[in-house]
Amino acid sequence: MEFELLMTLVVVAVLIFTTLLVILSRYRKCPSDKIMVIYGKVGTDADGNMRSALCVHGGASFVWPVLQAYDYLDLTPISISVDLKKALSRHNIRIDVPSSFTVGISTEPGIMQNAAERLLGLKLPAIQDLAKDIIFGQLRLVIATMDIEEINTDRDKFLDAVSRNVEGELKKIGLRLINVNVTDIDDESGYIVALGKEAAAKAINDAKKSVAEADREGAIGEANAHRDQRIQVSAANSEAIQGENEARVKVAQSEAARREKEAEALRVATTAEKVQEAAALQDAYAAQRDAEAARSAREKATLEADVLVRAEIEKRQKELEAEADAEQTRRRARGEADAIYARMEAEARGMQEMLTKQAAGLQQVVAAAGGNANDAMRLMIADKLEDLVKIQVEAVKNLKIDKVTVWDGMNGADGTSNTANFLSGMLKAIPPMQEVFDMAGLELPEILGKRKPEAALAAGEETPQV
């Protein structure tokens, strides 16, 4: 009897000990670098809905045998290298954005539930591929909404936009974004390199301009003409560079407009493809048919965009060439006008200088005549008298009369000879010397002849007293 009682106690003790071992073996503690996911019959949530899993982080929980099972989600950060190629920016410039993203499973309650439902049981490569697809899509979307200048210069704004978009989508599968690192940005058209060259050229031109201005200030007293030439050459070079830059900007704007249309068409096509892929999970055959229709529409839109944009570029190129020809014509006309103005201004200065010297000479002549303008005029005429007489003599100098035949009948009007009248008329054709002196305001010397008193009275002069 005592033996049976002892055996009963032993059996009960063994059962109790076994039960305790089973209970202790089903009590699971969650490490700090993992999330323990208990699935099976795990009860309901606050709204009374049946939960698919129970997530435990930083604690422990009892796992009922048969009714429940458990597994772990690793919280170790996952590094994903995203080598994005030929992504379209807002101005349709394709750029390469190699970057690296660090993600990890989130420990927020709601996001942990998403991770338990979507990532439990997946291997690390599968999680990386899933996250990479999401990052690729969101990175392309952010780049399509920004200018290439913003992406290249304002990295903080670009990274902030990428973080917001990517993290919002990663939370849907239970991941969170830890870090974003963009190593470098490049474009296939060389636009970023051109921006750097433009900035360098501008700095060089500013330095050259400063040196030219310093040299000009130092050489002002030495050669004003050289200074003006350097200023005009610098201004012409500056206008030429500005025209080239404006032409490059217009070409870039035209290229950007074309790529913007291509990006819009690509965005529509990509959206249609994603919608069709989602619908394919429900109805594969219908999704395939819709995808083919969307692809056909995308190809048609791309062909139309290429034709329209090519025509617009050709039109704009012809307009730019016409504007360049017109600007060259205007500059040539301005140069010719400046040359004419300079020549006329030099002639005017020479004429002014000559008149100034002549006025100074006249003033000296008047001063030499004792301040009497009439006497000064007589002096000047007396100085030119020899030339006047010479001109009168030259008037008949070349008159050649080889032979004069006169049939003289001595029947002149006053009984004189016709021959005498002919010679007298020829001599009267030469202005008398006395009249030349009278016109000059001078008096004929007595050695050359003296005017008769009646002639003097007729001329309005007083008869000299002897």
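Residues numbered from 1 in each chain as written. Predicted model: local features only at pLDDT ≥ 70, side-chain atom pairs only at ≥ 80, totals over all residues. Heavy atoms only, no water.

### Some details on the sheet that holds strand E3 (residues 53–56)
We apply this condition: Pairing between strands is defined by DSSP: at least two bridges between the two strands are required. The secondary structure listing takes helices from DSSP runs of H or I that are at least 4 residues long and strands from runs of E that are at least 2 residues long, numbered from the N terminus. Working convention: axes come from line fits to C-alpha atoms, limited for helices to the stretch in contact. Angles between N-to-C directions cover 0 to 180 degrees. Only heavy atoms enter the contact rule, under which two residues are in contact if any of them lie within 4.5 Å.
The strand order across the open sheet built from three strands is E3-E2-E5, with neighbouring strands paired in antiparallel fashion. Each edge of the sheet is formed by a strand with only one pairing partner; in this case those strands are E3 and strand E5 (68–74). Averaged over all pairs of adjacent strands, the angle between strand axes in this sheet comes to 25 degrees, irrespective of strand direction. Bridge count for strand E2 (residues 34–40) against E5 is seven bridges, and the pairing is antiparallel. Across the sheet, residue Ile-38 finds its bridge partner in E5, namely Tyr-70. In this fold helix H2 (residues 109–118) packs onto E2, E3 and E5, with an angle of close to 120 degrees to the strand it touches most, E3.

### Describing the packing of helix H3 (residues 124–144) against helix H5 (residues 155–170)
Convention followed: Note that the term roughly parallel is reserved for angles under 35 degrees, roughly antiparallel for angles over 145, roughly perpendicular for angles of 65 to 115, and oblique for everything else. Helix crossings fall into two classes, left-handed where the near helix is turned counterclockwise from the far one by less than a right angle and right-handed where it is turned clockwise.
Their axes nearest at 9 Å, the elements H3 and H5 cross at an angle of 140 degrees. When the axis of H3 is compared with that of H5, the two are oblique. Judged by the sense of rotation from one axis to the other, the crossing of H3 with H5 is right-handed. Residue-level inspection shows Ala-131, Ile-134, Ile-135, Gln-138, Leu-139, Leu-141, Val-142 and Ile-143 of H3 in contact with H5, the latter providing Phe-158, Ala-161, Val-162, Asn-165, Val-166, Glu-169 and Leu-170.

### Side note on a nonpolar patch on the surface
Put simply, the test is: A patch consists of residues whose relative accessible area exceeds 30% and which take part in no salt bridge; residues with like charges are grouped when within 9 Å of each other, and nonpolar side chains (Val, Leu, Ile, Met, Phe, Trp, Tyr) when within 5 Å. Here the accessible surface of atoms and residues is derived via Shrake-Rupley with a 1.4 Å probe, and residues count as covered only by protein chains that are part of the display. Take a side-chain nitrogen of Lys or Arg and a carboxyl oxygen of Asp or Glu: if they are within 4 Å of each other, that pair is a salt bridge.
Among the surface-exposed residues, Val-12, Ile-16, Leu-20 and Ile-23 lie close enough to one another that they form a single nonpolar patch of about 330 Å² accessible area. Examined against the element boundaries, Ile-16 turns out to sit in helix H1 (residues 2–25).

### Some remarks on the pattern of salt bridges
What counts, and what does not: The cut-offs for exposure are 20% and 50% of the maximum accessible area for each residue type, with area from a 1.4 Å probe on protein chains only; residues under the lower value are buried, those over the upper are exposed, and the others partly exposed.
What the rule picks out here adds up to 17 salt bridges. With its nearest N and O atoms 2.2 Å apart, the salt bridge here joins Arg-164 to Asp-160. Note that Arg-164 and Asp-160 are positioned in helix H5 at a spacing of four residues, about one turn of the helix. Among the salt bridges present, the one from Glu-262 reaches Arg-258, with a minimum N-O distance of 2.7 Å. Of the two residues, Glu-262 and Arg-258 both sit in helix H7 (residues 224–280), four residues apart, roughly one turn of that helix. Judged by its relative accessible area of 18%, Arg-258 is buried. Here the residues in one salt-bridge network are Glu-239, Glu-327, Arg-330, Arg-331 and Arg-334, joined through shared partners.

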